Amino acid sequence: MLRIDRATYDAIVAHSRRDHPDEACGVVAGPEGSDRPERHIPMLNAARSPTFYEFDSADLLRLYRDMDDRDEVPVVVYHSHTATEAYPSRTDVSYASEPEAHYVLVSTREHGAQTGLAGDDVEFRSFRIVDGQVTEEDVDVVESYLFGHSPTTVVYE
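Residues numbered from 1 in each chain as written. Predicted model: local features only at pLDDT ≥ 70, side-chain atom pairs only at ≥ 80, totals over all residues. Heavy atoms only, no water.

Draft legend 1. Summary view of the nonpolar core. M43, F55, L63, V77, Y103 and I129 are the most contacted members of the largest nonpolar core, which totals 18 residues. Ranked by the residues each element gives to this core, the list is headed by strand β2 (residues 25–31), at 3 residues. Beyond its immediate stretch of four places on either side in the chain, I129 contacts P88, V93, A96, P99, Y103 and V134. With 15 residues, the next largest nonpolar core counts L2, I12, V13 and V106 among its residues. (Core = buried A, V, L, I, M, F, W, Y, C linked by side-chain atoms within 4.5 Å. Buried < 20%, exposed > 50% of the residue type's maximum accessible area, 1.4 Å probe, protein only. Helix = DSSP H or I, 4+ residues; strand = E, 2+ residues; numbered from the N terminus. Contact = heavy atoms within 4.5 Å.)

Draft legend 2. Molecular detail of empty space enclosed by the protein. Enumeration according to the criterion identifies 1 cavity of 30 Å³ or more in this entry. If you trace the largest cavity, you find it lined by Y53, V77, Y78, H79, D92, Y103, V104, L105 and I129. (1 Å grid on protein atoms, 1.4 Å probe; cavity = no way out; pocket = protein on both sides within 12 Å on 5 of 7 lines; lining within 4 Å. Points joined across faces, edges and corners; volume = space filled by probe spheres on them.)

Draft legend 3. Spatial organisation of the pairing of strand β4 (residues 72–81). Counting buried residues along β4, 9 of its 10 residues qualify, which places the element largely inside the surrounding structure. For β2 and β4, the ladder comprises 7 bridges, and the chain directions are antiparallel. What sits directly across from A29, in β4, is P74. Inspection of the sheet shows β4 paired to strand β5 (residues 102–107) by 6 bridges, in the parallel sense. (Pairing = 2+ DSSP bridges.)

Draft legend 4. Main features of the environment of L2. Within the secondary structure layout, L2 lies in strand β1 (residues 2–5). Judged by its relative accessible area of 0%, L2 is buried. The spacing of L2 and A101 is 99 residues in sequence and 9.7 Å in space, taken between C-alpha atoms. Every residue in contact with L2, bar those within four places of it in the chain, is listed here: P37, V76, H102, V104, S126, E137, D138, V139 and D140.

Draft legend 5. Spotlight on the packing of aromatic side chains. By the definition in use, this model includes 4 aromatic pairs. Ring geometry for Y9 against F124: centres 4.3 Å apart, planes inclined by 40°, an arrangement best described as tilted. Of the two residues, Y9 is situated in helix α1 (residues 6–19) and F124 in strand β6 (residues 123–130); the sequence distance between them amounts to 115 residues. Taken as a pair, Y9 and F124 share a single burial class, namely buried. A centroid spacing of 5.6 Å and a plane angle of 85° characterise the contact between Y53 and F55, whose relative ring orientation is edge-to-face. When its relative accessible area of 12% is taken as the criterion, Y53 is described as buried. (Phe/Tyr/Trp six-rings, centres within 6.5 Å; stacked < 30°, edge-to-face > 60°.)

Draft legend 6. Quick peek at a negative patch on the surface. Residues E32, D68, D69 and D71 make up a contiguous surface patch of negative charge. Tracing the backbone shows D68 in helix α2 (residues 57–69). (Patch = residues over 30% accessible without salt bridge, like charges linked within 9 Å, V, L, I, M, F, W, Y side chains within 5 Å. Areas by Shrake-Rupley, 256 points an atom, 1.4 Å probe, with all protein chains shown as cover. Salt bridge = Lys/Arg side-chain N within 4 Å of Asp/Glu carboxyl O. Lys, Arg positive; Asp, Glu negative; His and termini not counted. Charge placed at Lys NZ, Arg CZ, Asp CG, Glu CD.)

Draft legend 7. Main features of α2. Look at α2: 18 Å from first C-alpha to last across 13 residues, which is about the 18 Å you get at 1.5 Å a residue. Between the side-chain oxygen at the start of α2 and the backbone nitrogen of A58 there is a gap of 3.0 Å, and the oxygen is on D56. Phi turns positive, to about 55°, at D71, one or two residues after α2. (Expected span 1.5 Å × (residues − 1). Polar contact = N/O pair within 3.5 Å; in protein donor to acceptor, adjacent residues only side chain to side chain.)

Draft legend 8. Expanded view of the sheet that holds β6. Taken in spatial order, the 6 strands of this open sheet run β3-β2-β4-β5-β6-β7, and their pairing is mixed. The sheet is open, and its two borders are formed by β3 (39–43) and β7 (133–137), each paired with just one other strand. Taken pair by pair, the neighbouring strands of this sheet meet at an average axis angle of 30°, ignoring direction. Strands β2, β3, β4, β5 and β6 of the sheet are contacted by α1, whose axis makes an angle of about 5° with β3. Along the sheet, α2 makes contact with β2, β3 and β4, crossing β3 at roughly 170°. (Axes fitted to C-alpha atoms, helices over the stretch in contact; angles between N-to-C directions.)

Distances and angles like these do not, on their own, reveal function.
In structure tokens form, the structure reads like this:
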């Protein structure tokens, strides 16, 4: 199960809508061994495509060095699908290289770039992809990990 705080969930959805009609992509890092997504890092889709995403290799290298310096790992790797359901494509499966990560997909096919409104559902799904096998998992959106604090405003050191 992916447990994710509301602020990070909202940030991923907002990024997906903002980049529509191109696919959005990014990472949510967390402390090594915690399986807790805490630091949202939106990335640029170097492919700038509505049907494909690609992390810029230089940006990705900087990201991994930064995570290493912070003792973090990619807990969530996400991207959006602009015209199809939120389910990994064959290409997505072939590029999945983080067996411990949650692979989140957001579909913007129904809502496009509109902003979220009360009662506005979005297709937000999470998968584990290991050795080419795709397993969907439940997503539990919590208001906060800590009493009244969002992980985006709390520094864990």
